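# Residue-level structure breakdown
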Amino acid sequence: MNGFLPTTAEEMKDLGIEQFDFVYITGDAYVDHPSFGIAIISRVLESLGYTVGIIAQPDWHGDKDFKRFGRPKLAFLVTSGNIDSMVAHYTAAKRKRSDDAYTPGGVSGKRPDRAVIVYCRKIREIYGDVPIAVGGLEASLRRFAHYDYWDDAVRPSILVDSLADLLIFGMGEHQITELAGKLANGEKINEIHDIRGTCYLTEPVNTPIGAAECPDFRQVCENKTAYAKATRIQYDQQDEVYGKTIIQRHGNMMLVQNPPAKSLTTEELDKVYALPYMRNYHPSYEAEGGVPGIEEVKFSITHNRGCFGYCNFCSIALHQGRRITCRSEKSVLDEAVKLTQMPDFKGYIHDVGGPTANFRHPSCNKQLELGLCKGKKCLAPTPCKALVADHTEYLEMLRKLRKINGVKKVFIRSGIRYDYLMQDKNEDFIRELIKYHISGQLKVAPEHCSAVVLDKMGKPHIEAYKAFQKRFYEITKGIGKEQYLVPYLMSSHPGSTLKEAIELAIFLKENNIRPEQVQDFYPTPGTISTAMFYTGLDPYTLEKVYVPKTPQEKSMQRALLQYFRPQNHDIVIQALKKAGRFDLIGKSPKCLIDGDSVQPKKQFGNNKNKFSDGSKKYFGNDKQKPQNGSSKNFKNDSRTTSKGGDRQWQNTAAANKRKHR
């Protein structure tokens with residue numbers, strides 16, 4: 001077995017185990033690395049003395065794989081894997097993906113659509129009333145009635161559809177520890193209603209008193225305002241200090257969400273990351289070429305959890321939460337030493353990060369007692385006056401990592417919040433980041449340039465990015481390096497009309513940015529942006545929000561971000577004419593694209609500094625010189641799990657953070 005947990009009946013027999021305490025079913029391949037939720041939860045259970053059998057990517061068309069270990073003593077645990085199975089299978093355009101990074105050989109089709117539901121129903125079919133607990137990103141973000149992009153409809157809580165007994169949301173160590181103890185003591189899973197960070201269904205007569213009530217399933221299906229209000233309630237109570245129990249009726253049953261679990265302390269996190277992970281995929285996958293998803297995280301270190309950045313399109317706030325918790329410096333350094341002892345380590349630590357790399361402490365001093373401010377953001381649209389921006393501890397840790405024998409380079413590839421960085425009056429971190437911790441390119445996420453869109457994204461305005469961009473290139477030039485910023489950009493987010501898409505295209509031209517790939521907004525389950533997409537309303541103001549939905553307009557907005565590509569010529573011309581921006585068509589240096597710029601004078605006149613609706617062009621008079629950089633090697637990104645963040649049951653890995661963003 002080479003140190004891995006048992007995956008076959010033969011291994012179970014060799015260990016002398018007649019019946020596992022828990023059987024853990026996952027839609028991913030079995031990778032025993034702390035970037036994978038199944039690894040953390042199974043190792044936590046093992047450390048508590050429980051036995052765990054792993055069934056990875058079972059064939060759901062039959063019963064054989066589900067019967068491999070028989071009925072567990074305590075419960076089946078079910079997860080779809082590191083990301084939502086629908087996001088794993090389909091692009092933002094709802095086209096079927098041809099690969100899967102969490103499957104041996106990277107092949108697709110080894111897990112079903114809506115994996116949690118399919119696996120649980122198969123277990124029920126075979127074993128009847130056996131206890132089932134579900135967790136991970138798919139379960140966590142679908143715990144309430146939720147808009148499903150692929151059905152284009154509101155679906156009930158995944159607890160209803162899956163027939164599971166209990167749902168664990170968030171980073172599940174505390175929950176699984178309590179649940180295992182209660183089950184081992186003989187408590188019935190359908191009577192365990194007091195664990196923070198869990199959801200259950202009960203008869204309405206048993207509804208707890210004093211809970212915050214969401215509009216019920218029928219209401220959110222029929223009334224978009226009710227859906228928007230439900231979204232706000234869910235986010236407002238997602239705080240471990242003041243968060244209340246939330247209820248939402250589903251027909252003749254009541255969904256109850258207990259308050260979020262308490263964050264792990266530094267000591268608890270250290271223990272979790274010190275567990276005996278093999279830090280690799282199961283050897284049985286070697287013949288198939290291994291599991292691609294391990295590559296970016298194998299030599300990466302997660303030092304934090306949570307993100308107070310709180311972008312509206314990101315799932316971290318509803319899954320991990322906004323409070324920052326960190327491992328100790330010693331724990332991180334010890335893990336780095338372990339990496340140097342691995343036979344295939346080449347001297348490069350690929351990342352020291354988490355959901356956001358440069359968050360090492362809470363955003364302000366009052367959070368531990370009062371929680372994070374309800375309905376407010378620490379950094380957007382401008383930084384809060386109470387913000388404490390300090391990179392001292394993180395920088396000292398990076399300096400010590402660089403000195404470890406056998407370490408040639410320490411990279412930072414998790415997201416950097418440049419707006420937070422720029423609030424730190426001490427420039428030591430930005431200087432050492434540029435000098436030591438990037439490899440020619442630094443990926444950052446301005447996402448857009450229009451204040452209208454950025455406000456709906458929950459992001460800072462473009463001035464914050466411009467200030468960082470200016471300082472980045474000044475420092476880079478000063479140390480004699482040739483390095484570039486690679487900005488993540490998103491098209492068709494709620495709030496973005498063609499006008500805003502054109503603003504972004506102009507911004508890219510003026511700054512000499514040519515992204516190789518851009519990301520269409522992906523309405524993943526549970527996010528605030530997805531609520532806007534479905535309802536056309538801002539959940540916090542109930543104001544109407546423009547939502548680009550037609551394939552034609554989404555194609556136009558996406559093409560505008562790559563206006564320079566020959567294959568986009570015709571659709572960019574079409575978009576500019578539709579917006580009345582004939583001034584951007586032609587051979588002038590200010591034009592986006594070459595073509596016929598003739599316009600009907602009666603309708604559009606000759607004002608080249610205005611849009612067709614008469615509003616002033618946002619970047620029309622911007623005289624800033626282009627920066628000497630481009631977006632080479634811009635990676636496609638589907639924003640589905642927090643980098644490192646948002647992984648199943650317990651995820652804070654460094655790779656794929658943006659997959660649920």
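Below is a short write-up of the structure.

Procedures and definitions
- Residues numbered from 1 in each chain as written.
- Predicted model: local features only at pLDDT ≥ 70, side-chain atom pairs only at ≥ 80, totals over all residues.
- Heavy atoms only, no water.
- Helix = DSSP H or I, 4+ residues; strand = E, 2+ residues; numbered from the N terminus.
- Buried < 20%, exposed > 50% of the residue type's maximum accessible area, 1.4 Å probe, protein only.
- Contact = heavy atoms within 4.5 Å.
- Areas by Shrake-Rupley, 256 points an atom, 1.4 Å probe, with all protein chains shown as cover.
- Polar contact = N/O pair within 3.5 Å; in protein donor to acceptor, adjacent residues only side chain to side chain.
- 1 Å grid on protein atoms, 1.4 Å probe; cavity = no way out; pocket = protein on both sides within 12 Å on 5 of 7 lines; lining within 4 Å.
- Points joined across faces, edges and corners; volume = space filled by probe spheres on them.
- Nonpolar A, V, L, I, M, F, W, Y, C, P; charged D, E, K, R; others polar.
- Pairing = 2+ DSSP bridges.
- Axes fitted to C-alpha atoms, helices over the stretch in contact; angles between N-to-C directions.
- Salt bridge = Lys/Arg side-chain N within 4 Å of Asp/Glu carboxyl O.
- Parallel < 35°, antiparallel > 145°, perpendicular 65-115°, else oblique.
- Left-handed = near helix turned anticlockwise from the far one by under 90°.
- Expected span 1.5 Å × (residues − 1).

When its secondary structure is counted, the chain shows 23 helices and 24 strands. Burial statistics for the chain: of 661 residues in total, 62% are counted as buried. Looking at the chain alone, contacts between residues at least 24 apart form 74% of all its contacts between residues at least 6 apart. Carbon and sulfur atoms make up 49% of the accessible area of the chain, which amounts to about 25,600 Å² in all.

This part takes up the side chain of Q257. Take Q257: it is sitting in strand β12 (residues 253-257). Taking relative accessible area as the criterion, Q257 reaches 0% and is therefore assigned buried. A polar contact of 2.5 Å, which involves the side chain of Q257, links it to the side chain of R143. Filtering out sequence-adjacent residues up to four positions away, Q257 remains in contact with R143, F144, F169, T198, C199, Q238, K244, T245 and I246.

Enumeration according to the criterion identifies seven cavities of 30 Å³ or more in this entry. Volume-wise, the largest cavity comes out at about 320 Å³. Along the walls of the largest cavity sit 24 residues, with E240, A261, S263, Q320 and G321 positioned nearest its centre. Residue composition of the lining of the largest cavity, grouped by class: seven nonpolar, eleven polar and six charged. Its boundaries defined by the atoms lining it, the second largest cavity holds a volume of some 120 Å³. If you trace the second largest cavity, you find 13 residues lining it, with A145, Y227, T231, Q234 and G526 closest to the centre. Counting residues per element, the lining of the second largest cavity draws most heavily on helix α9 (residues 224-236), which supplies four residues.

Sheet architecture is open: three strands sit in the order β20-β21-β22, paired in parallel fashion. Whereas interior strands pair on both sides, the edge strands pair on one side only; in this sheet they are β20 (441-447) and β22 (519-520). Pairing analysis gives five bridges linking β20 to strand β21 (residues 484-491), with the strands arranged parallel. Bridging across to β21, V444 finds its partner in P487. In the packing of helix α18 (residues 462-478) onto the sheet, the strands contacted are β20 and β21, and the crossing angle to β21 comes to about 160°.

Attention now moves to the pattern of salt bridges. Following the criterion strictly, the structure yields 41 salt bridges and no others. Between K330 and D334 there is a salt bridge, and its shortest N-O distance comes to 2.8 Å. Here K330 pairs with D334, and both are found in helix α12 (residues 329-340), just four residues apart, close to one helical turn. The class of D334 is partly exposed, set by a relative accessible area of 35%. A salt bridge links E432 to R402; the nearest nitrogen and oxygen atoms lie 3.0 Å apart. Of the two residues, E432 sits in helix α16 (residues 428-436) while R402 sits in helix α14 (residues 392-402), which places them 30 residues apart along the sequence. Take R402: its relative accessible area is 24%, and that puts it in the partly exposed class. Taken together, the shared-partner salt bridges in this structure form one network comprising D84, R114, R142, D148, D151, R155 and D161.

A few words on the packing of α16 against α18. At their nearest, the axes of α16 and α18 sit 10 Å apart, and the two run at 60° to each other. Judged on the interaxial angle alone, α18 and α16 are oblique. Relative to α18, α16 is oriented so that their crossing is right-handed. Residues I430, R431 and I434 of α16 form the contact with α18, whose participating residues are F468, R471, F472, I475 and T476. Of the residues that constitute the contact of α16 with α18, the class distribution is five nonpolar, one polar and two charged.

Glancing now at the pairing of strand β3 (residues 52-56). The buried count for β3 comes to five of five residues, which makes it a mostly enclosed element. Burial along β3 is two-sided: V52, I54 and A56 and G53 and I55, pointing in opposite directions, are all buried. Note: strand β1 (residues 22-26) against β3, five bridges, orientation parallel. Among the inter-strand pairings, Y24 is bridged to a residue of β3, identified as I54.

As a further point, take helix α7 (residues 173-184). Taking 1.5 Å per residue as the helical rise, α7 with its twelve residues ought to reach 16 Å, and the 16 Å between its terminal C-alpha atoms agrees with that figure. The set of residues buried in α7 consists of E173, Q175, I176, L179, A180, K182 and L183. Immediately beyond the C-terminal end of α7, within one or two residues, lies G186, with a positive phi of roughly 95°.

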